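Structural description and commentary
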Amino acid sequence: MGKRKAGILKKIIVLVMILALPGFLYYLLTVKGKNRYKPLPFYGSKQVAKTGHKFHGKFIADTIYHKLEDFKLTDQNGKQVSFKNFDKKIFVAAFFYTRCPDVCTKVNSFMDSLDVNYRKNAMVQLVSITVDPEHDTPLVLKQYAAKYKPSNKWLFLTGDTTTIYNLAHNGLLLNAAKVGEGNFVLDDKMVLIDAEKRIRGYYSGSTRADVMRLNDEIKVLVSEELRKVDKALY
């Protein structure tokens, strides 16, 4: 009988901790984090919806924010990757190519540090997408990725040029172009995407200060997602 009571008590404690975590994390981010932790903006086009809600008796229309469209790419292990891989997750995306002489190495080195920081966080994923799919096959990506020893949360992606460049230009709103054989022009940006596939931040992937800001704002977005879960419980 004593063991049964102890088991019930343990379950209650775990439940309390789960319910308290979002509020506690939000407290840490807003109170202890000072002014660095503000609600993150939404990037891209915005539309006013016909739906809305009332606040103090006044109707406030909802806003439809720019969202990424679903895509089908292939990771370094030859597995297909789409939105299903990021269901209820946030992710950081950046473009690169394996023959890139300098800036891509900096970007992926910082991605490596994020992989170390968040590899135990089930809500966060990382993707590095090549702009040179003709050369960067899954095998080439696997050989390239090996030097970073990525966790299964950091994917190196390739695919057809139409999908990749559409994702860059129309999805993530970044510059990427082939300017010669083995030579490409691309933004060094890391892009923070929320669980609803909306853009919430841009950061220079070759600047330590920007990557530190990204590291902080990933925590803000995680807290935002946890608060959604907290509300759903009630």
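Scroll up to find the structure.
Residues numbered from 1 in each chain as written. Predicted model: local features only at pLDDT ≥ 70, side-chain atom pairs only at ≥ 80, totals over all residues. Heavy atoms only, no water.

Moving on, we get to the pattern of salt bridges. Taken as a whole and assessed by the stated rule, the structure comprises 11 salt bridges. Residues Asp 194 and Arg 198 are paired through a salt bridge, measuring 2.9 Å at the closest nitrogen-oxygen approach. Each member of the pair, Asp 194 as well as Arg 198, is classed as buried. Via salt bridges that share partners, Asp 194, Glu 196, Arg 198, Arg 200 and Glu 224 belong to a single interconnected network. (Salt bridge = Lys/Arg side-chain N within 4 Å of Asp/Glu carboxyl O. Buried < 20%, exposed > 50% of the residue type's maximum accessible area, 1.4 Å probe, protein only.)

The next thing to look at is the side chain of Asp 75. Mapped onto the fold, Asp 75 is located in strand β3 (residues 73-75). Among buried Asp, Glu, Lys and Arg side chains, Asp 75 stands out as unpaired, with Lys 79 the closest opposite charge at 6.1 Å. For Asp 75, the residues in contact, after removing those within four places along its chain, are Val 81, Pro 138, Leu 155, Phe 156 and Leu 157. (Helix = DSSP H or I, 4+ residues; strand = E, 2+ residues; numbered from the N terminus. Lys, Arg positive; Asp, Glu negative; His and termini not counted. Contact = heavy atoms within 4.5 Å.)

What follows is about the layout of surface pockets. Counted as a void, the largest pocket has a volume near 200 Å³. Where the lining of the largest pocket is concerned, the elements lending two or more residues are β4 (80-81) and β7 (154-158). Classifying every residue of the lining of the largest pocket gives 4 nonpolar, 7 polar and 2 charged. (1 Å grid on protein atoms, 1.4 Å probe; cavity = no way out; pocket = protein on both sides within 12 Å on 5 of 7 lines; lining within 4 Å. Points joined across faces, edges and corners; volume = space filled by probe spheres on them. Nonpolar A, V, L, I, M, F, W, Y, C, P; charged D, E, K, R; others polar.)

Right, let's get into the environment of Glu 224. Mapping Glu 224 onto the fold places it in helix α5 (residues 208-233). The class of Glu 224 is buried, set by a relative accessible area of 15%. A sequence separation of 184 residues divides Glu 224 from Leu 40, and the C-alpha atoms of the two residues are 9.4 Å apart.

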